[in-house]
Each structure stands twice: as C-alpha cells, then as structure tokens.
Amino acid sequence: MASGWFDRLHPLTKFTWALSLALITYGAANTPITLVLLVLALLTPITVAQPRALYGALWAIFLPIGISLFIIQGLLFPGNASGSLTFYGVTIYTEALSNAGVLLARIMTLGSGLLCVILTTTPARLTQALAERGMPRSIEYILLMALQIIPDMRARAAAILEAQQSRGLVIKSIVSRVQALLPLIGPLVVGALVDIEERAMALELRAFAATSLPTRMAVIVDSRAQRIARTALLLCAVLIIGLRIAGRLPS
Amino acid sequence: MTTPIISVDQLSFNYRRQAKPAIANVSFTLNPGSVTAIIGKAEAGKSTLCALLAGFMPQFFRGKTNGSLQVAGRDPLNSSIIEMLPHVTMVTSQASTQISGVCFSVAEEVGFALQNLSFPIAEITQRVQRAMELMEITHLAERSPFQLSGGQQQRLVIAAALALSPPVLILDEPTAQLDPPAVAALGVTLRNLAHDGQTIVVAEHHLDWVGAYADRILLLRDGQLIADDAPRAILADESRADGRPYCVRISHYAQRHGVWLAEHPTAITPAELSAGIDTTAAVAEVTRPLSTAPATSTILDIENVSFTYPNGVAVLHGVNLHIAQGARIALLGRNGAGKSTLLRHFNGLLRPQQGRVKLHGRDIKTIAPGALAAQASIVFQDVRNQLFAATIRAEVAFGPSMLKLSATEVTRRVDTALAICGLTALADTHPYDVPVAQRRLVATAAIMALESDLIALDEPTAGLDEANITQLVVAMNHASEHERAVVLVSHDLDFCAAHTDRVVLIQAGVVAIDARWDELTSTQLSLLQHEVGLPLGQATCVDRALAPQSALARLLCQPLALR
C-alpha cells in the first residue's frame, strides 16, 4: 500500500500533533493563532498517501457544519448589532459571520487533525504503539474488540431481522416496532452473551493469557526526532495555555 | 512398545447442577501418530470428552471430576489452558465464536497464538503460510475474519490450530460447515499430520468421513465408552454404531439386490463401495418415484433475476427457476456461488435489480418480506439469530401469531409442528436448555408452523445425529404430504440425493443444472462432481463408468428413503 510522509509517522506522533492542534486552538482562544493552525491543519493532508480522499472527507464533514453555523449564528448570535445582508426580510449580522468564521476555523482545525490521524492509522498500529508504551493487554483487547464488534453486531442484527421477517415479522407502525423489539433484541443479547463465554475460550486457545512479551508482526518505527517533536508540541501547547491563563495572550 | 500420548483412566465428569454424568468411567489410551474419532448420538458426551482432553475443565466448565487423565505427559485437570497449549489444542464446533476478535486479517488470526507465545517472526510467517495453504485460505489472507462465510471461518479456525502444530490436536465437529471437497481435503491433511507423528482426536457425526480417515473409533453412549475398536468393526456392525454411514447403507442395499460381490466386506469407504459393486449382475429395471404426486401448480417463479450487492459484487446473473407445489429441490453450489443470495429472493428479503420474483403468479417486489411468510419461509443456518422466546412452544407460536390467525388455529399449528419435529415433550422447555442439535429442530418447527407453501432449509443437517436427521425427515415428509415445496441448501449430498427429487446447481451466479437426480446426464454428473462432489450412489456409478440411465445406475441412485 502506498504510504505518505504523515502515514509513516509513529502513531503517537500523529496523535500528539492532533492533540496539540486541539489544545492550542481552544487553549489560546486567539484568532490569529487559530488561523495559522487552521492553515497547518489543512496543509497536513498534502503529506498523506491519498490526499484527495482526506480532502473529500473534510469537505463532506465541514460543509454542512459550516452552513449550519453561519445560519444559526447569523440569526441567533447575542452580540448581533450591525446588519450586513438582508434576504427577504432576514438580516445576517457582521458580528455573527465573524463569530461563525472563528468557530468554524476552530472546529476545522480540531477535526482535520483528528481525521488525518484516523484515516492514516490502523487501529492495530495505534493499539500496538500504545501497548509498546506499557498499555495493559486487557485494555488493548477491549479497544480492538470494540472496533471489531461494531461491523459484527451490525451483520448479526441484519441476519436476525431476516430470520424474523422469514417468520412473518412485519415492521410498519409504531405498535409493530414495539412488538418487534423482543424478537430482534432477544437473539442479539443472547447471542452476545453466549459469544462472550466462547470468545473467552477462543482467546485462551490463542494463548492470549501468555505472560511473555508477544511477537509483533509489524514494526512501528520511532525516532529521536519524533520523540523530540512530540515533546516540543506538548510543551508548546502547555506554554500557550499558560500564557493565556496568565493573561499574556490577547483574544 | 509405544508410550501412549493420551491416557484416560476411569474418567467421569458431572457438570454442576446436572444429575447425570456427562462422562462416566471412561478409560482408553491413544498412541502418537493416530487419527481417533469419537462418535455417538447428540449429548453422548463427545464434546465433554474433547473439552476434558484439552484442559477446559475446570477453567471453563465447573463440575465434579473423578478418575485420571494424562495428555502428553501432563494432567489437563490440574493445568491451565495456557500450560497445555504447547501440547494440545482444540477447535470447538462453533467456528464464528472462535475468532479472537482482535485480528484484522485472516493471516493475523492464524498467527495470533504464535505471536502470543513469542515465536520468532520468521517462524510465524512460515507456519501461517503453511497452515493457510493446508486449509486453502491463502487467497483470503488479507480479508477480515468477520467477513468470511461459515465454511471459510471453519477453515480459518482449523488453520489457526494447525499453525500451533501441537502434538495433540482435538477437533469437535470440524466438517459441520465445510463443503464436500474441503471435507475430503481435511481428511487427507489430518492423515498426513498423523503420519508425521501428531495425534488427532475428532468428534464427528459424519460417519462416512470417519470411516475413510480414522484409524480407530471410540463410541460413546450416555457418557459411557461403549466400543473402542477399528472403524470397520464399529461402523459395519449395526448393533454397535449409533447411526450408519451411507457407504454401509448402500452396501447392504446392494447386497439385498444381488449386485454386491460376495467376497467384498461391507464397505465403509467410497473406494470400498465402488469396488464391491458387481457390475455384471442382472438388474431389474427400476424407476425412481417422486416424493410426491406430480405438481399441479407453480408456487415460485424466478424470472431472469440478477443481483449485485452495494459493494459491487455481482452474484446472480439472469437466474431462472420455477418451483411447483410439493417439489423437493436440492440447491447446490460452492461457497460464494450465490445460493444464499438466491434463497433470500424467495421471500423478498432481497429484491432483484433485474428480473422478477413471483409467488403464486404475483410479483412480490412491493410486498414486505414478513407479509410473505405464509407463502415462503426460510430456516437459516445460524438458529441463534431466530430463538428468543422463553419456551419452545412460545418460540414455535411466534410465526403463526404474526399471521393473525385465530388462537385455535395457532394452537393447532404449534401442536402439529412440535409433533412432527419430535418436540412435544419439550414444549415447556427453554430453547437454550435443549442440546444444540435439537435447537435446530426448534427453529425448523417454528418455520413448519407457518405452513408456508414453500419452505427453504439452509444446511438443515449440520451437527445433527441420525436420530435428529430422522426427525427432520419426518417434518419434511409432512410438508410434502401437504403439497408444500421444500428446498434444501446443503453440503450433505447424500441427504440431498435421498430426500429430494431435483437438483439445481448454481455456478458463478447462474443455474448450471436443473434436473431430476435420475435424469442427470454424464456431462451434468461431471459438472456436479467438479463443483460440489457427488452423492455416493452417483459417485460409484461414475467411478465404475456406469451409464447414468443403465438399470444398475438407476438402482444405485435410488433415494435412500426407499432403500
């Protein structure tokens, strides 16, 4: 699979990058800093293997959010005073547009940082990276299982619906939906409970309880430069939040 | 003298709160490098014995144990599973629940135990590759384990056990979800492993497979070891085996009809069956009767149906199929051929993108699936997706009550369905309190109570012993007597050949064969053999180069119900 510069970074470096963007953006609450960080966040996808997919996801997520923000803020922002645009008797205020713009910039900075991490890091790599930093195996299992169980449960729910429809279950009215709860939820819950016991056996048979350090098939490369970068990013976040608390940073 | 690798001495096990022991005073020893089959009816104690050998007690199943047990020089009763794992591992009967849930690909899942046991990467890679090749899942290496079919998941969990390469490998019903070519391949693999020194223990209902690949059989009945002998001594002796392999049945049938070579013993393998047939014997002409009277009207019309899933996978390509009243059809095909997709069109669970599906001449595209239950219904393979009620009676009554029938009619239908599925005495029991095999009959009864004009059964014999299969046949016959059509989707070819009139082969999304069993041509038989294998009668005819329409071929291909 093709891999870009950002894709190859250690998962903790990527995560620290996204975390720092969020901390500084919301900690500083400073518009120029927010705009600088937004530019950085929006430039990050250029360094991934598939930037078009990432920009597509950003567009799909933030366009509706942006439109909603501008409409809601334009109409309801309490500081609205100077009207700038009027459509069919509805006035949009300058203060509202400005506030909506800042809010959107913050959300986009936070969101694009997180999206870059999520779309370039497999859950297995992330949990492996955390496990290598001392996270207990039980937590690793819970994290991975939670990610895996969603498609499994969805497939099982679909299979249960098919099985009950084959027995005459029709879901139309509210009453029929209530009646359908037990035949649909019952097998899902019972199945999940039975699975827990059998899955525990499966894990034992796969030596999950072994106390020795497991062999990792994938090698996650870390470097001194990345460790320094992580520390610097976190220190920068702490510093800016500190300045903000001390009142040395204007809004 | 060889030192036994497994020694069991007067072993008994009582599950907590159970009056009767699941295993009672069982003693035997097994030498290394052997394939031993544990056979017996449902609830005979096969799975319990396997679990004891693998060290599951007391870690997972609480109860009282007596006697002693040694596996590879260790005592499983006083060792944890992790301590036993380098010496013995087990594949349990439900493949889907043996997937760890933490691996994102098949290859990772196969090597997961090796990673946890800190094997070097090079060795893990080599073992994973070998295990995937043995179970023919190399092409699935990058797929998510949760995206596999039941048969593929079964191959995966067996591959994961093979990768560990323990001295003792225990498999509980390993063939339940495999297609016939995979079943045969597994037999050869296990024999090769035994030849290399591994000890294989298999609990299995599939007696023909046991006859072909086991060195020795342990026959359990009510938790007791009734017989410990060579396969022939047990399987060919009707008084000892709890169930008869199809090979033995056909041998006896051939003996009765004078087409068996006297010097040949009763066959317990397909090769012996083929060799024992006397192709020179004079045979009276026989005609295979239909299970029911000729059809009077069509129930289902599938017309030029094509279907593509949202992910772009095209599964059906212009399928035409017509099912008449009282028909009994075996719907066969490889995994992924499109059988399940086609089945879901029968009652509107899936809608064709092209073509039409008609029930009693009416296009069903705008009708909700649930509203079609009186006309067409399906018993799915995984019955856990169906069962939810507090009693078997309530479970069976759910369908009829959905049809808005009168209370009297619901009661009549429930009583009938319980009776034909042999569940009357268990009506007030919780569905999960009966053995797994009987749960399948509960699911079948729940569908039978709908009295649909067309009943489809997906892998109905999986995990059933002979007594339960006999009960299933009673239910199917009852449906036929009432001119209901029955469609079987099954890898159990002998069951299909015995209890259906017509075979429909789906090959890559099209109907490749649609013919009566006794009218299959040589070309069709070759295609069927290539795609899914042949029932024993037909396989013997092909092996002995008998013309499909010859008197001897017709005799050998008679449905077992008539033999």
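In what follows, the accompanying structure is described. Each chain has its residues counted from 1, running along the sequence as written. All chains are assigned letters beginning with A, and all ligands numbers beginning with 1, in the order in which they are written. Selection of residues for local features in this predicted model requires a pLDDT of at least 70, selection of side-chain atom pairs for listing and counting requires 80 or more, and totals for whole chains, interfaces and linings are taken over all residues.

Think of it this way: any DSSP run of H or I at least four residues long counts as a helix, any run of E at least two long counts as a strand, and we number them from the N terminus. A count of helical and extended segments in chain B gives 19 helices and 19 strands. The globule rule puts the C-alpha radius of gyration for 563 residues at 24 Å, and the 24 Å found for chain B is close to it. Projected onto its principal axes, the C-alpha positions of chain B cover 70 × 55 × 50 Å. A pair of residues counts as a contact when their C-beta atoms, built from backbone coordinates, are within 7 Å of each other. Here the contacts in chain B between residues at least 6 apart in sequence split such that 69% fall between residues at least 24 apart. Based on C-alpha atoms, the radius of gyration is set beside the globule rule, defined as 2.2 Å times the residue count to the power 0.38.

A separate point is the pairing of strand β10 (residues 298-308) of chain B. All names here are of chain B. The pairing of β10 with strand β11 (residues 314-324) spans seven bridges and is antiparallel. What sits directly across from Asp301, in β11, is His322. Turn length for the β10-β11 hairpin, with the two strands adjacent in sequence and antiparallel, is five residues, and the turn residue Gly312 shows positive phi of about 95°. The criterion for strand pairing is that DSSP finds at least two bridges linking the strands in question. As paired elements, β10 and strand β13 (residues 354-359) share five bridges and run antiparallel to each other. Within β13, the position partnered with Glu303 by the bridge is Arg356.

All names here are of chain B. Multiplying 1.5 Å by the helix residue count minus one yields the expected span of that helix. Spanning 14 residues, helix α4 (residues 121-134) covers 20 Å between terminal C-alpha atoms, matching the ideal 20 Å at 1.5 Å per step. For α4, every residue scored as buried is listed here: Ile124, Arg127, Val128, Ala131, Met132 and Leu134. All buried residues of α4 project into a common sector of 155° when viewed along the axis, lining one side. Seen from the buried face of α4, the exposed residues on the opposite side, beyond 90 degrees, are Ala122 and Glu133. Next to the buried residues of α4 lie α3 (106-116), α5 (150-164) and α6 (180-195). Following α4 by one or two positions, Glu136 has its phi on the positive side, about 55°. Note on burial: count the other C-beta atoms lying within 10 Å of the residue's C-beta; 20 or more is buried, 12 or fewer is exposed, in between is partly exposed, and C-beta positions come from the backbone. Note: the arc covers the axis-to-C-beta directions of the helix.

This brings us to the environment of Ala159 of chain A. As for its placement among the helices and strands, Ala159 of chain A is situated in helix α7 (residues 137-165). Given 19 C-beta atoms within a 10 Å radius, Ala159 of chain A is considered partly exposed. Spatially, the C-alpha atom of Ala159 of chain A lies 9.8 Å from that of Leu184 of chain A, the residues being 25 residues apart in sequence. Excluding residues within four positions of it along the chain, Ala159 of chain A makes contact with Asp382 and Asn385 of chain B.

The subject of this paragraph is the interface of chain A and chain B. Taken together, the contact pairs 45 residues of chain A with 53 residues of chain B. When contributions to the side of chain A that touches chain B are tallied by element, the ones reaching two or more residues are α7 and α8 (174-205) of chain A. With 15 residues, α8 of chain A is the single largest residue contributor to the side of chain A that touches chain B. Each residue is assigned to one of three groups, with Ala, Val, Leu, Ile, Met, Phe, Trp, Tyr, Cys and Pro labelled nonpolar, Asp, Glu, Lys and Arg labelled charged, and all others, Gly among them, labelled polar. The residue inventory of the side of chain A that touches chain B, partitioned by class, reads 27 nonpolar, nine polar and nine charged.

When buried Ala, Val, Leu, Ile, Met, Phe, Trp, Tyr and Cys residues are joined through C-beta atoms within 7 Å, the set is termed a nonpolar core. Ala159, Ala445 and Val504 of chain B are the most contacted members of the largest nonpolar core, which has 205 residues in total. Ranked by residue count, the leading element in this core is α5 of chain B, at nine residues. Ignoring any residue separated from it by four or fewer positions in sequence, one finds Val504 of chain B in contact with Leu321, Ile329, Ala330, Leu331, Leu332, Val511, Ile513 and Asp514 of chain B. With 23 residues, the next largest nonpolar core counts Ile24, Leu37, Leu38 and Ala96 of chain A among its residues.

What the four strands build is an open sheet, ordered β11-β10-β13-β14 (chain B); its pairing is antiparallel. In this open sheet, the two edge strands, each paired with only one partner strand, are β11 and β14 (362-363) of chain B.

Our next topic: the packing of helix α3 (residues 31-43) of chain A against helix α5 (residues 94-120) of chain A. All names here are of chain A. Working convention: axes come from line fits to C-alpha atoms, limited for helices to the stretch in contact. Angles between N-to-C directions cover 0 to 180 degrees. Remark: α3 packs on α5, axes separated minimally by 9 Å, with the N-to-C direction vectors making an angle of 40°. Like other packed secondary-structure pairs, α3 and α5 cross with a definite hand, here left-handed. In this structure, α3 uses Thr31, Thr34, Leu35, Leu37, Leu38, Ala41 and Leu42 to contact α5, whose residues at the interface are Val102, Ala105, Arg106, Met108, Thr109, Ser112 and Gly113. Each residue belonging to the contact of α3 with α5 can be placed in one class, and the counts come to eight nonpolar, five polar and one charged. For a crossing to be left-handed, the near helix must be turned anticlockwise from the far one by less than a right angle; the clockwise case is right-handed.

All names here are of chain B. Between helix α14 (residues 436-448) and helix α15 (residues 466-481), the least distance of the axes is 10 Å, while the angle of their chain directions is 5°. Between α14 and α15, the angle is such that the two are roughly parallel. Across the interface between the two elements, Ala437, Gln438, Leu441, Thr444 and Met448 from α14 touch Asn468, Gln471, Leu472, Ala475 and Ala479 from α15. Residues belonging to the contact of α14 with α15 are distributed by class as follows: six nonpolar, four polar and no charged. Angular relationships are summarised with four words: roughly parallel below 35 degrees, roughly antiparallel beyond 145, roughly perpendicular across 65 to 115, and oblique for the angles in between.

All names here are of chain B. Pro58 follows Met57 through a cis peptide bond whose omega is 5°. Structurally, the position occupied by Pro58 is in the loop between α1 (46-54) and β4 (63-71). The phi torsion at Gln10 lies on the positive side, around 50°, for a residue other than glycine. Position of Gln10 relative to the elements: it lies in strand β1 (residues 6-15). For Gln10, a count of 12 C-beta atoms within 10 Å puts it in the exposed group.

Okay, α3 of chain A next. Owing to its 3.6 residues per turn, the α-helix brings residues three or four apart onto one side. The first and last C-alpha atoms of α3 of chain A sit 18 Å apart over 13 residues, in line with the 18 Å expected at 1.5 Å per residue. The elements touched by buried residues of α3 of chain A are α2 (11-28) and α5 of chain A.

What follows is about the sheet that holds strand β18 (residues 502-507) of chain B. Strands in a sheet are paired, the pairing made by backbone hydrogen bonds, and the direction either parallel or antiparallel. Residues and elements named next belong to chain B. Read from one edge of the open sheet, six strands run β15-β16-β17-β12-β18-β19, paired in mixed fashion. The open sheet has two free edges, formed respectively by β15 (376-379) and β19 (510-516), since each of these has just one partner strand. The mean inter-strand angle of the sheet, taken between neighbouring strand axes irrespective of direction, is 20°. With four bridges joining them, strand β12 (residues 328-332) and β18 adopt parallel strand pairing. When the bridges of β18 are listed, Leu331 appears paired with Val504. Along the sheet, α14 contacts β15 and β16 (454-458); its crossing angle with β15, the most-contacted strand, is approximately 175°. Contacts from helix α17 (residues 522-531) reach β18 and β19 within the one sheet, and its direction differs from that of β19 by about 125°.

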